[in-house]
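A closer look at the structure
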Protein chains: 2
Amino acid sequence: MSLSDFELEVMQLFWVHKEASAPQIHKLIEQKRAVKYTTVKTIIDRLEKKHSLKRSRTEGRTIFYAPISEKQTVSTPLIKEFINKVFLGKSRPLAAHILEEEELTLEDIEYLETLLKERKKDLK
Amino acid sequence: MSLSDFELEVMQLFWVHKEASAPQIHKLIEQKRAVKYTTVKTIIDRLEKKHSLKRSRTEGRTIFYAPISEKQTVSTPLIKEFINKVFLGKSRPLAAHILEEEELTLEDIEYLETLLKERKKDLK
DNA sequence: AGCATATATCTACATTTGTAGAGATACAAG
DNA sequence: CTTGTATCTCTACAAATGTAGATATATGCT
């Protein structure tokens, strides 16, 4: 099942934190922008209904949730879809854009170079 | 103004064809999936209202449209946004995913290698 | 035990999006 | 010049999404 932007944002936090309660997630997001607790809780409820999150334990009346879907399982199809939508299915222009325009450290570049070297080796 | 998936799909066709009528766009999309003419026309109307398309000329009662927004102007922020949403703002993991997992020809790989070489040169 | 408060639950609502029908009408073909 | 048809215009609507209020209530503190 596909995730909305907000749902994905919340999932990202769960992937980082492994487990969290709605109040915790709310506090994290609130640091970036104004949002009411109930809004965040609604998103979490929807993620639970979609089986992306499960209740892991409770502490007092506070429910803790943990991710069911794994990050990679979610992001891989998103990448494919993005390439289709924005680059007519061709990965090279997206790769080129990133390598040319997006922020990369020297280490990033060198790492990516080794990936290409590997890839080339396997091709031949 | 942001574009919906369907709007973006239509814009892609305009970027390729430079100019087209609603019936033409409809026929193109219909080759991939069932969709009514009026649905496509609605999307084109919305794109016109958003100033992404303009009427370029008419032929009989058929209106031709041409893109106003350029492809790069639209895609660059989409990439940024995608990296933020899916990779917490870091481009390296997206680049790595593409270089490792997505389809690339030998030429693609060699081209990307030159980009990295350039990028490294400029960094140093 | 009583109470304040944090948390949960449930409901609501405007906007965006994909989808398309109904009806109007200009043009092409006879 | 009539008429069929392609195209346009206008309106509608359900689902998804972001947003949050109202209300209930379990807990922890005094």
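Residues numbered from 1 in each chain as written. Chains lettered and ligands numbered in written order. Predicted model: local features only at pLDDT ≥ 70, side-chain atom pairs only at ≥ 80, totals over all residues. Heavy atoms only, no water.

Residue and element names in this part refer to chain B. Here six bridges tie strand β2 (residues 53–59) to strand β3 (residues 62–67), and the two strands are oriented antiparallel to one another. Paired with Thr-58 across the strands is Ile-63, a residue of β3. Between the antiparallel neighbours β2 and β3 lie two residues, among them Gly-60 with a positive phi of about 65°. (Pairing = 2+ DSSP bridges. Helix = DSSP H or I, 4+ residues; strand = E, 2+ residues; numbered from the N terminus.)

So, on to the protein's contact with DNA strand D. Taken together, 22 residues sit near DNA strand D, with Ser-4 and Thr-42 of chain A together with Tyr-37, Arg-61 and Ile-63 of chain B positioned nearest. Within the backbone of Asp-5 of chain A, one N or O atom sits 3.4 Å away from a phosphate oxygen of DNA strand D. Mapped onto the surface near DNA strand D, the elements with two or more residues apiece are α1 (5–17) and α3 (37–49) of chain A together with α2 (22–30), α3 (37–49) and β3 of chain B. The dominant element in the surface near DNA strand D, judged by the number of residues it contributes, is α3 of chain A, at four residues. By residue class, the composition of the surface near DNA strand D is six nonpolar, seven polar and nine charged. (Near = heavy atom within 4 Å. Polar contact = N/O pair within 3.5 Å; in protein donor to acceptor, adjacent residues only side chain to side chain. Nonpolar A, V, L, I, M, F, W, Y, C, P; charged D, E, K, R; others polar.)

This paragraph deals with the protein's contact with DNA strand C. Looking at DNA strand C, there are 23 residues lining it, with Tyr-37, Arg-61 and Ile-63 of chain A together with Ser-4 and Thr-42 of chain B nearest. Counting only atoms of DNA strand C within 4 Å of the protein, the sugar-phosphate share comes to 55%. Contacts to DNA strand C include Ile-63 of chain A, whose backbone N or O atom sits 2.8 Å from a phosphate oxygen. For the surface near DNA strand C, the secondary-structure elements that each account for two or more residues are α2 (22–30), α3 and β3 (62–67) of chain A together with α1 (5–17) and α3 of chain B. Element by element, the count of residues in the surface near DNA strand C is highest for α3 of chain B, at five residues. Tallied by class, the residues present in the surface near DNA strand C amount to seven nonpolar, seven polar and nine charged.

To continue, consider the sheet that holds strand β1 (residues 20–21) of chain A. Residues and elements named next belong to chain A. Spatially, β1-β3-β2 is the arrangement adopted by the three strands of the open sheet, whose pairing is antiparallel. Of all the strands in the sheet, the pair left with one neighbour each is β1 and β2 (53–59). Contacts from α1 reach β1, β2 and β3 within the one sheet, and its direction differs from that of β3 by about 90°. (Contact = heavy atoms within 4.5 Å. Axes fitted to C-alpha atoms, helices over the stretch in contact; angles between N-to-C directions.)

Across the interface, helix α6 (residues 106–123) of chain A lies against helix α6 (residues 106–123) of chain B with an axial gap of 10 Å and an inter-helix angle of 160°. In terms of axis orientation, α6 of chain A runs roughly antiparallel to α6 of chain B. Handedness of the α6 of chain A/α6 of chain B crossing: left-handed. Every residue of α6 of chain B that contacts α6 of chain A at Leu-106, Ile-109, Glu-110, Leu-112, Glu-113, Leu-116, Lys-117, Arg-119, Lys-120 and Leu-123 of chain A is listed here: Leu-106, Ile-109, Glu-110, Leu-112, Glu-113, Leu-116, Lys-117, Arg-119, Lys-120 and Leu-123 of chain B. The residue makeup of the contact of α6 of chain A with α6 of chain B, split by class, is 10 nonpolar, no polar and 10 charged. (Parallel < 35°, antiparallel > 145°, perpendicular 65-115°, else oblique. Left-handed = near helix turned anticlockwise from the far one by under 90°.)

For the rest of this paragraph, the subject is unusual backbone geometry. A positive phi is found at His-51 of chain A, a non-glycine position, where the angle reads about 65°. Its place among the elements puts His-51 of chain A in the loop between α3 and β2. You can call His-51 of chain A exposed: its relative accessible area is 58%. One non-glycine residue, Leu-88 of chain B, adopts positive backbone phi at about 50°. Here Leu-88 of chain B lies in the loop between α4 (71–87) and α5 (91–101). Classification of Leu-88 of chain B as partly exposed rests on a relative accessible area of 43%. (Buried < 20%, exposed > 50% of the residue type's maximum accessible area, 1.4 Å probe, protein only.)

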